[in-house]
Amino acid sequence: MIILGIETSCDETGVAICDNSKIISSYTKTQSIHSKFGGVVPEIASREHEKFLPEITQKVLKDSNLEFSDLEAIAVTSGPGLMGSLLSGISFAKGISQGLGIPIIPINHLEAHLNSAFIEFEELDPPFINLLVSGGHTQIWLVKNLFEYTLLGETLDDACGEAFDKGAKTLGLNYPGGPEIEKLAITGNRKLIDFPRPIINDGTYNFSFSGLKTSLINCVNKNEYNLDDVAASYQEAIVDSLVGKMKNSMDDLNINTAIVCGGVAANQRLREKLGELEQTIIFPSMKYCTDNADMIAFLGEKKINNNTAKIGINFSAYSRGMVL
Ligand code: KG4
Ligand code: ZN
């Protein structure tokens, strides 16, 4: 089946085509316009999606030598995400579905992330743990079976990507903050400042990053340390929280495989520390870790094949939650 996927939940405009579980064409445009505002501006994100969707769709069709008339179904992210951004993608997808008379399937963005590793690792066998670490989410999931998931824990306040982004702002660095902090941390001493690892020993798989952010502000205000040491120590605190809770979940549930996805999965210190665990940790290619339409098209096709797709135009965008 040839299925078109559309992803517009935040500031990535993604379009992809999947054919029999293979991605045959894909393009993701990261909206760089937001960097000058120090974070994603929802109104601008929606407008950018609307502007770019038609040309990106033409591009992926051309790259795969296909016409609109070759498409057999369309899958689109319906939530969670920014409402205006989601609505831009949904309206565009509904238009194509109606125009071509092909089925449309709403896809939950989180469920797509949880399944994205199957694009490259077809032989992957549940159960496995999925650590989803991005600008909007910090969650540990147990993927029990195909389409069967349990949320083991999540952040009680900021997402870890947000902790990087807000931390970078405090340090006078650019947005997105994760890569900036990582760069500055290379020459720093990660053991110099003992930033808090909130709730690390609370017996849950939850996270909390807002206290850490406040400590960073206090530390910078005191002006006692070099910024590379501050960045390295701050990054270490975030990484320790992520690795600690993920290890606990794997040990407690006796699960030997974990997938790490989301933009923060790019962090080399996180990769290094997870690599020290005795369990198998899989990092999908970065293009499948960050927001992309490949995972939307891929899951849409999988759901159609398993008769679990909610086909039909009567759905709307939602800002939060795992709606399956
Ligand atoms: O999944 P993603 O691309 O987009 C959404 O969250 O929608 O994640 C973006 C987040 C940002 O907070 C960014 O600072 C963080 O991922 N990030 C990183 C790194 N690269 C991106 N955080 C730490 N280290 C990195 N190298
Ligand atoms: Zn995402």
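The following refers to the structure shown.

The next thing to look at is the overall build of the protein. Within the protein, the regular secondary structure consists of eleven helices and ten strands. At 20 Å, the protein has a C-alpha radius of gyration in line with the 20 Å of a compact globule built from 324 residues. A burial count over the protein gives 53% of its 324 residues as buried. Accessible surface computed for the protein: about 13800 Å², of which carbon and sulfur atoms make up 48%.

With respect to the element layout, Arg-269 can be found in helix α9 (residues 268–275). Overall, the relative accessible area of 11% leaves Arg-269 in the buried class. At 2.8 Å, the side chain of Arg-269 forms a polar contact with the side chain of Glu-236. Excluding residues within four positions of it along the chain, Arg-269 makes contact with Glu-182, Arg-190, Gln-235, Glu-236 and Val-239.

The subject of this paragraph is the coordination of the zinc ion (ligand 2). Ideal donor angles around a metal are set by the shape: a four-donor tetrahedron calls for 109.5 degrees, a six-donor octahedron for 90 or 180 degrees. All of the protein donors around the zinc ion (ligand 2) are His-109 (NE2), His-113 (NE2) and Asp-291 (OD); their distances to the metal are 2.1 Å. The motif formed by the donor residues of the zinc ion (ligand 2), counted along the single chain, is H-x3-H-x177-D. Here the residue His-109 and the residue His-113 both occupy positions in helix α3 (residues 109–115), the gap between them amounting to four residues, near one helical turn. Like His-113, His-109 is buried.

Roughly 190 Å³ of volume is contained in the second largest pocket. Contributing to the lining of the second largest pocket are 14 residues, with Ser-78, Pro-106, Lys-310, Val-323 and Leu-324 lying nearest its centre. Tallying contributions element by element places strand β5 (residues 104–108) first for the lining of the second largest pocket, with three residues. Here the lining of the second largest pocket is built from residues that sort into seven nonpolar, four polar and three charged.

For ligand 1, the set of nearby residues contains 19 residues, the closest of which are Gly-135, Asp-165, Gly-178, Glu-182 and Gly-263. Note that an oxygen atom of ligand 1 is positioned 2.9 Å from one of the backbone N or O atoms of Gly-263. One of the side-chain nitrogen or oxygen atoms of Asn-267 is found 3.0 Å away from a nitrogen atom of ligand 1. The protein chains hide 88% of the 550 Å² of surface that ligand 1 would expose on its own. Only α5 (160–170) and α6 (177–185) provide two or more residues apiece to the shell around ligand 1. With four residues, α6 is the largest single contributor of residues to the shell around ligand 1. Of the residues belonging to the shell around ligand 1, the class tally is six nonpolar, ten polar and three charged.

Calculation rules
- Residues numbered from 1 in each chain as written.
- Chains lettered and ligands numbered in written order.
- Predicted model: local features only at pLDDT ≥ 70, side-chain atom pairs only at ≥ 80, totals over all residues.
- Heavy atoms only, no water.
- Helix = DSSP H or I, 4+ residues; strand = E, 2+ residues; numbered from the N terminus.
- Rg over C-alpha atoms; globule rule 2.2 N^0.38 Å.
- Buried < 20%, exposed > 50% of the residue type's maximum accessible area, 1.4 Å probe, protein only.
- Areas by Shrake-Rupley, 256 points an atom, 1.4 Å probe, with all protein chains shown as cover.
- Polar contact = N/O pair within 3.5 Å; in protein donor to acceptor, adjacent residues only side chain to side chain.
- Contact = heavy atoms within 4.5 Å.
- Donors = N, O, S within 2.8 Å, 3.2 Å for Na, K, Ca; no water.
- 1 Å grid on protein atoms, 1.4 Å probe; cavity = no way out; pocket = protein on both sides within 12 Å on 5 of 7 lines; lining within 4 Å.
- Points joined across faces, edges and corners; volume = space filled by probe spheres on them.
- Nonpolar A, V, L, I, M, F, W, Y, C, P; charged D, E, K, R; others polar.
- Near = heavy atom within 4 Å.

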